[in-house]
Amino acid sequence: MIPLNALRLVVGALLLVFGLQWLRKAILRASGFKTLHDEDAIFARELEQARQAGAGDGGSLDWFGFTSPSKGCCSKGSRWPSS
């Protein structure tokens with residue numbers, strides 16, 4: 001069995017590392033050194049990529065249409081916060 005104090009140390013260290021990374025990014029965004037997330041711009045860019053990928057010749061497999069639904073289902077709830 002894993003000693004409780006060792007487990008607490010590992011979990012605490014991981015929380016500290018990820019918390020400090022989050023804090024560093026928050027400070028950089030607040031100071032203007034790192035850009036804020038613009039969800040509308042990201043959506044527009046991905047929508048344009050999807051439209052370009054959908055303009056195929058119709059003779060081959062639509063890889064974008066094949067991978068998009070499975071990517072969305074598999075990554076739901078398992079994504080790390082974006083940087």
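Here the structure is a predicted model, which means the values were calculated and not measured. (Residues numbered from 1 in each chain as written. Predicted model: local features only at pLDDT ≥ 70, side-chain atom pairs only at ≥ 80, totals over all residues. Heavy atoms only, no water.)

Undergrad: Give me the lowdown on helix H1 (residues 4–31), citing residues and values where you can.
TA: For H1, with 28 residues, the first-to-last C-alpha span of 40 Å sits near the 40 Å given by 1.5 Å per residue. Taken from the residues just after H1, Gly32 is the one with a positive phi, measuring 95°. (Helix = DSSP H or I, 4+ residues; strand = E, 2+ residues; numbered from the N terminus. Expected span 1.5 Å × (residues − 1).)

Undergrad: Could you give an account of a nonpolar patch on the surface, with specific residues and numbers?
TA: A surface patch of nonpolar side chains, about 490 Å² in accessible area, is lined by Ile2, Leu4, Leu7, Val11 and Leu15. On the secondary structure map, Leu15 appears in helix H1. (Patch = residues over 30% accessible without salt bridge, like charges linked within 9 Å, V, L, I, M, F, W, Y side chains within 5 Å. Areas by Shrake-Rupley, 256 points an atom, 1.4 Å probe, with all protein chains shown as cover. Salt bridge = Lys/Arg side-chain N within 4 Å of Asp/Glu carboxyl O.)

Undergrad: So what about the environment of Ser31? Which residues, and what values?
TA: Counting through the fold element by element, Ser31 comes out in helix H1. A distance of 3.1 Å separates a polar side-chain atom of Ser31 from the backbone oxygen of Leu28. (Polar contact = N/O pair within 3.5 Å; in protein donor to acceptor, adjacent residues only side chain to side chain.)

None of this, on its own, says anything about what the molecule does.
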